Amino acid sequence: MGQGYLRDSKEAEALFTNMDLLLFSLIIGIVIYWFMSRKKPEPIPEFKKIDTPAPTSRETSFIEKMKKTGKNIIVFYGSQTGTAEEFSNRLSKDAQRYGMKGMAADPEEYDMGELSRLSEINNSLAIFCMATYGEGDPTDNAQDFYDWLQENDDEDLTGLNYTVFSLGNKTYEHYNAMGKYVDKRLEELGAKRIFDLGLGDDDGNLEEDFVSWREQFWPAVCEHFGVEALGDESSIRQYELKEFTDINMNKVFTGEIGRLKSFEVQKPPFDSKNPFMAPVTVNRRLNKAGDRHLMHLELDITGSKIRYESGDHVAVFPTNDSALVNKLGQVLGVDLDLVISLNNLDEESNKKHPFPCPTTYRTALTHYLDISHPPRTNVLYELAQYASDPKDQENMRKMASSSPEGKALYQSWVLESCRNILAILEDMPSLKPPIDHLCELLPRLQARYYSIASSSKVHPNSIHICAVVVEYQTKTGRVNKGVATNWLKNKLVTDNGHKATVPMYIRKSQFRLPFKASNPVIMIGPGTGIAPFMGFIQERGWLKEQGKDVGETVLYYGCRHKMEDYLYQEELEEAEQKVVITQLNVAFSRDQEHKVYVQHLLKNNKENLWKLIHLENAHIYVCGDARNMAKDVQTALHEIAEELGDMTRTQATDYIKKLMTKGRYSQDVWS
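Note that the coordinates shown come from a computational prediction; the quantities given were computed from them, not determined experimentally. (Residues numbered from 1 in each chain as written. Predicted model: local features only at pLDDT ≥ 70, side-chain atom pairs only at ≥ 80, totals over all residues. Heavy atoms only, no water.)

A. Up close: the overall build of the protein. Assigned secondary structure in the protein consists of 23 helices and 25 strands. When the backbone C-alpha atoms are referred to their principal axes, the protein occupies close to 125 × 75 × 60 Å. Evaluated residue by residue, the protein yields a buried proportion of 50% over its 671 residues. By sequence separation, contacts in the protein at least 24 residues apart represent 76% of the contacts at least 6 residues apart. With an accessible surface of roughly 32,900 Å², the protein has 51% of that area assigned to carbon and sulfur atoms. Separation of charge centres in the protein, based on 79 positive and 97 negative side chains, amounts to 3 Å. (Helix = DSSP H or I, 4+ residues; strand = E, 2+ residues; numbered from the N terminus. Buried < 20%, exposed > 50% of the residue type's maximum accessible area, 1.4 Å probe, protein only. Contact = heavy atoms within 4.5 Å. Areas by Shrake-Rupley, 256 points an atom, 1.4 Å probe, with all protein chains shown as cover. Lys, Arg positive; Asp, Glu negative; His and termini not counted. Charge placed at Lys NZ, Arg CZ, Asp CG, Glu CD.)

B. Focus on helix α12 (residues 390-399). Regarding α12, the residues found buried are Asp392, Asn395, Met396, Lys398 and Met399. Burial along α12 is one-sided: seen end-on, the buried residues are contained in an arc of 160°. Turning to α12, the residues buried within the fold contact α11 (377-383) and α13 (404-416). (Arc of directions from axis to C-beta.)

C. Representation of the packing of aromatic side chains within the structure. Per the counting criterion, the structure on display carries 27 aromatic pairs. Measuring from centroid to centroid gives 6.0 Å for phenylalanine 87 and phenylalanine 165, while their planes differ by 65°, and the two rings are edge-to-face. Taken as a pair, phenylalanine 87 in helix α5 (residues 83-94) and phenylalanine 165 in strand β5 (residues 161-168) lie far apart in primary sequence, 78 residues in all. Each member of the pair, phenylalanine 87 as well as phenylalanine 165, is classed as buried. With 5.2 Å between their ring centres and 50° between their planes, phenylalanine 165 and tryptophan 213 make a pair best called tilted. Of this pair, phenylalanine 165 sits in strand β5 while tryptophan 213 is found in helix α8 (residues 206-225), placing the two residues 48 residues apart along the sequence. (Phe/Tyr/Trp six-rings, centres within 6.5 Å; stacked < 30°, edge-to-face > 60°.)

D. Quick peek at the sheet that holds strand β24 (residues 619-625). The 5 strands lie next to each other as β23-β22-β21-β24-β25, forming an open sheet whose pairing is parallel. The strands lining the two open edges of the sheet, one partner per strand, are β23 (583-588) and β25 (665-670). When the angles between neighbouring strand axes are averaged without regard to direction, this sheet yields 10°. When strand β21 (residues 521-524) meets β24, the two strands line up parallel, connected through 4 bridges. The residue of β24 that forms the bridge with methionine 523 is tyrosine 621. Lying on the sheet, helix α22 (residues 626-644) is in contact with β21, β24 and β25; it crosses β24 at an angle near 150°. (Pairing = 2+ DSSP bridges. Axes fitted to C-alpha atoms, helices over the stretch in contact; angles between N-to-C directions.)

E. Representation of the nonpolar core within the structure. Phe355, Leu365, Leu369, Leu383, Ile421, Leu431 and Cys439 are the most contacted members of the largest nonpolar core, which has 36 residues in total. Apart from the residues within four sequence positions on either side, leucine 365 is in contact with Asn320, Val325, Leu328, Leu336, Ile371, Ile435 and Cys439. If you look at the next biggest cluster of nonpolar residues, it comprises 31 residues, including Ile524, Leu602, Ile620 and Tyr655. (Core = buried A, V, L, I, M, F, W, Y, C linked by side-chain atoms within 4.5 Å.)

F. Quick look at the sheet that holds strand β11 (residues 313-316). Read across the open sheet, the 6 strands follow the order β14-β11-β20-β9-β10-β15; overall the sheet is antiparallel. With partners counted over all chains shown, the strands left at the sheet margins are β14 (448-451) and β15 (462-468), one partner each. Taken over all neighbouring pairs, the strand axes of this sheet differ in orientation by 40° on average, direction set aside.

G. Representation of the pattern of salt bridges in the model. As enumerated under the stated definition, the model contains 41 salt bridges in all. The partner of glutamate 120 in a salt bridge is arginine 117, and the shortest N-O contact between them spans 2.9 Å. The exposure class of glutamate 120 is partly exposed, given its relative accessible area of 42%. Look at arginine 117 and you get partly exposed, because its relative accessible area is 25%. (Salt bridge = Lys/Arg side-chain N within 4 Å of Asp/Glu carboxyl O.)

H. Main features of the environment of glutamate 120. Here glutamate 120 shows up in the loop between β2 (102-105) and β3 (125-133). Between the alpha carbons of glutamate 120 and glycine 136 there is a distance of 33 Å; along the sequence they are 16 residues apart. Every residue in contact with glutamate 120, bar those within four places of it in the chain, is listed here: Ile63 and Lys67. At 2.6 Å, the side chain of glutamate 120 forms a polar contact with the side chain of lysine 67. (Polar contact = N/O pair within 3.5 Å; in protein donor to acceptor, adjacent residues only side chain to side chain.)

I. Examining the environment of serine 372 more closely. If you trace the backbone, serine 372 turns up in the loop between α10 (361-368) and α11. As a C-alpha pair, serine 372 and leucine 324 span 48 residues in sequence and 8.6 Å in three-dimensional space. If sequence neighbours within four positions are ignored, serine 372 has contacts with Asn420 and Val483.

J. Local environment of the environment of serine 310. As for its position among the elements, serine 310 is in the loop between β10 (294-300) and β11. The class for serine 310 is buried, based on a relative accessible area of 4%. Taking the C-alpha atoms as reference, serine 310 lies 8.9 Å from methionine 534; in sequence the two are 224 residues apart. Sequence-distant contacts of serine 310, that is, excluding residues within four places in its chain, are made with Ser454, Ser455, Phe511, Arg512, Gly535, Phe536 and Glu539. Side chain to side chain, serine 310 and glutamate 539 meet in a polar contact 2.7 Å long.

K. View of unusual backbone geometry. Note that the residue after proline 268, namely proline 269, is joined by a cis bond; omega there is 0°. Assignment of secondary structure puts proline 269 in the loop between β8 (239-244) and β9 (276-285). With omega at 0°, the peptide bond leading from cysteine 357 into proline 358 counts as cis. Tracing the chain through its elements places proline 358 in the loop between β12 (339-344) and β13 (359-360). Despite not being glycine, asparagine 617 shows a phi value in the positive range, around 65°. Within the secondary structure, asparagine 617 sits in the loop between α21 (606-615) and β24. The exposure class assigned to asparagine 617 is partly exposed, which follows from its relative accessible area of 39%.

So yeah, pure geometry; function would need other evidence.
Printed below as a string of structure tokens:
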């Protein structure tokens, strides 16, 4: 019994020791884990702060920034294609010449509710350069500001001095709607307009409109604040050049829009600052004959989580022609592969660089800068100092002035002759600007928008583009090529074994099929205006297959010759056979002696059209040329309403306007 007890007690002792060790290890483990985990949370708030910046007064307060940097003029811009932003930068730079200090600002980045506090700064002024987009809409970056203006009826802006320059296009229905609204609304809220609203018309000469307005604006500002111009007309640099001789090339931008290496390591969501690199799976010529090149491309969006609807736009980021870039390098006598950075001299500015830096001159001229459009007058003015021939200097400064002679010279020598920056440098051999100053002055190369020619119901992983390649001869005998369309044309499905890709994102549109599929639709789209209707037709066909009650689907399409440029002929005729398209009306404008356009076919079918519109709640869609076609179509519909609706011209015009207001008349047009 004693031995048994002794054995049991020894086993118990051993067990106790093992338990003890286990518990001891567990306690030590918990203590170590507690210490480790206790230390970990410390840097987490910092990490989160970097990843998703919480809005602080320092970040969103333009008032505090202005006070800190001694600025008294702020220029807000609502910009879709970069022009309004460019104008606002020019105005903020101008302020320096009048002994004042200005800053350009994106309303999306600031708390616009602070406008009422601007009177805290002496001699303060808010300038608004506002572009109108689409059907009288604000630009993407001004949407929140527009909503704020609409929603805040009790806002008191007494003491706020302001002026507005508006950018629009007379060929559009809602000419300069956004600028007009901001101008009127600020006054309603108590702000003081110190200079008249400026209206810029891109259908005419937007640059001339801006220069003329600006020439009268600054004297009015001087008079209002009792200041005088400093008479300093010299060039003011905004950025300083830094050259790199020894840099890790992994830290150099090679065309990315936002994040470094974002083209190689793709992370959703994809947008204007983070485009998706979509492989090109189809690139085919649509027209059977003729001099022009009309094309159909398909972009693969598999795995991108990108969603789109029929009627949306696809935005693509093109690159400039390498031949043009190389020629610029030769004319300027520079090494295009030098790695550089242009750094803002104003350290407080939100815009640290004019384009992603560090990068090479070659990348900047290929991916980031617009080298194909005729340069604006401010570029000529700033570059004039680098012309060794006094006559060249004089002409460049004259073109930048508002004198009738200067305006006429700019109109004929630059605009009508379609001279881009390379042509100007070639035709003015004495002009030798430093390339860094030229890169500072040239505007950013913008994304191009195309109406999507497919339906996501039928093609969820593919986006279709329909476009015509732009190429023409100028008055100087040079051949100018459209940047985006020529770049797309050369996006072959496999390029030396590599898949060709296109940086892209989706821009939502209001161009939408009716909510009720049973509503009839009337689609009017000649030429590449057919694009969104290919998506609409695919979608109506899909709805029909699902057993839905689909209303009449009527298409009015137009091209030059049936045997030459009848786009998507096979697809359209097949849709007609399947009664997806209930009426296919095609105008071949040049197949007979008298030209026949879509508006003529509308008049020919006026009874049926009027029945669909007036009695059956049809939705009308127009896509294509804004300058002529869209206006002619509207006129034809006015005349049909007059005749068959027994209306006066004024009543007919109001009738069509009401259809627009109700969302039953939509336009996707360009000029």
